[in-house]
Amino acid sequence: MTNPYVPLLVLMGIALVLALGGVGASAIIGPKRYNRAKLDAYECGIEPTPLAPGGGRFPVKYYLVAMTFIIFDIEVVFLYPWAVDFATLATFGLVAMLAFLALITVPFVYEWRRGGFEWE
């Protein structure tokens, strides 16, 4: 009788060999014709400026929108299993989900108070 984790370890080994082999092969086989345009940072075809007008800082709203996306994406991922198996989870599932929703409300209220939902 063999260990049930052997196929998983073999698969992980094959994946590692393929990943490292692809990176190595591209470094060896790939073209090495560098020029100024290829070495510059990509800015959607616009010449990059030495210093952004606002001092190079992103506005806080950018991070608030990113945080909102992450928070609600995680919320939906956790709500699916609860909704699918609601009858089996019974009271424990309801209490756990209410606690989760209460915890997820804290960053939502924080972002609301910071003005993340107001657009100019």
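Owing to the predicted nature of the structure, the values given are computational and were not obtained by experimental measurement.

Each value, and the rule that gives it
- Along every chain, residues carry numbers that run from 1 in the direction the sequence is written.
- With pLDDT at 70 or above as the cut-off, local features in this predicted model cover only qualifying residues; side-chain atom pairs require 80 or more to be listed or tallied, and sums for whole chains, interfaces and linings still use all residues.
- Side-chain numbers come from the whole structure's heavy atoms, not from hydrogens or water.
- Strands are runs of DSSP state E lasting at least two residues, helices are runs of H or I lasting at least four, and both sets are numbered from the N terminus onward.
- To sort residues, take the accessible area from a 1.4 Å probe on protein chains only and compare it with the maximum for the residue type: under 20% means buried, over 50% means exposed, and anything in between is partly exposed.
- Note on contacts: a residue pair qualifies if any of its non-hydrogen atoms lie within 4.5 Å across the two residues.
- A 1.4 Å probe and the Shrake-Rupley method give the accessible areas. Residues count as covered only by the protein chains that appear here.
- UniProt positions are given in the numbering used here, feature names are shortened, and annotations may be inferred rather than shown by experiment.
- For patches, a residue must show more than 30% relative accessible area and have no salt bridge; joins then use 9 Å for like charges and 5 Å for nonpolar side chains, namely Val, Leu, Ile, Met, Phe, Trp and Tyr.
- Each salt bridge in this description consists of a side-chain nitrogen of Lys or Arg and a carboxyl oxygen of Asp or Glu lying within 4 Å of one another.
- Planes of paired rings set the category: under 30 degrees apart is stacked, over 60 is edge-to-face and the rest tilted, where pairs are Phe, Tyr or Trp rings (Trp by its six-membered ring) whose centres lie within 6.5 Å.

Here we come to the overall build of the chain. Helix and strand content of the chain: four helices and zero strands. Out of the 120 residues belonging to the chain, those deemed buried represent 9%. The long-range fraction of contacts in the chain, counting pairs at least 24 apart against all pairs at least 6 apart in sequence, stands at 67%. Here the chain has roughly 10,700 Å² of accessible surface; of this, 73% comes from carbon and sulfur atoms.

This part takes up the UniProt feature "transmembrane region" (unreviewed entry) in the chain. Per the UniProt entry, the sites bearing "transmembrane region" (unreviewed entry) are residues 6–29, 62–83 and 89–110 in this numbering. Note that residues 6–29 is 100% helix and 0% strand, and that its end C-alpha atoms are spaced 33 Å apart. For residues 89–110, the helix share is 100%, the strand share is 0%, and the end-to-end C-alpha distance is 31 Å.

Now for a nonpolar patch on the surface. On the surface, Y5, L8, L9, L11 and M12 cluster together to form a nonpolar patch covering roughly 570 Å² of accessible area. Among the structural elements, Y5 can be located in the segment before α1 (6–29). In this structure Y5 comes out as exposed when scored by relative accessible area, which is 54%.

This paragraph deals with the packing of aromatic side chains. Each aromatic ring pair is specified by the distance between its two centres and by the angle formed by the two planes. If you walk through the whole model with that rule in mind, you get four aromatic pairs. Between F72 and F108, the aromatic rings sit 5.6 Å apart at their centres with planes inclined by 75 degrees, giving edge-to-face as the arrangement. Note that F72 is positioned in helix α3 (residues 60–84) and F108 in helix α4 (residues 86–114), a separation of 36 residues in sequence. Geometrically, the ring pair formed by F78 and F100 is edge-to-face, given 5.3 Å between the ring centres and 70 degrees between the ring planes. On the criterion of sequence distance, the pair formed by F78 in helix α3 and F100 in helix α4 is long-range, its members being 22 residues apart. Put simply, the rings of F72, F108 and W112 touch in pairs and so form one group of aromatic residues.

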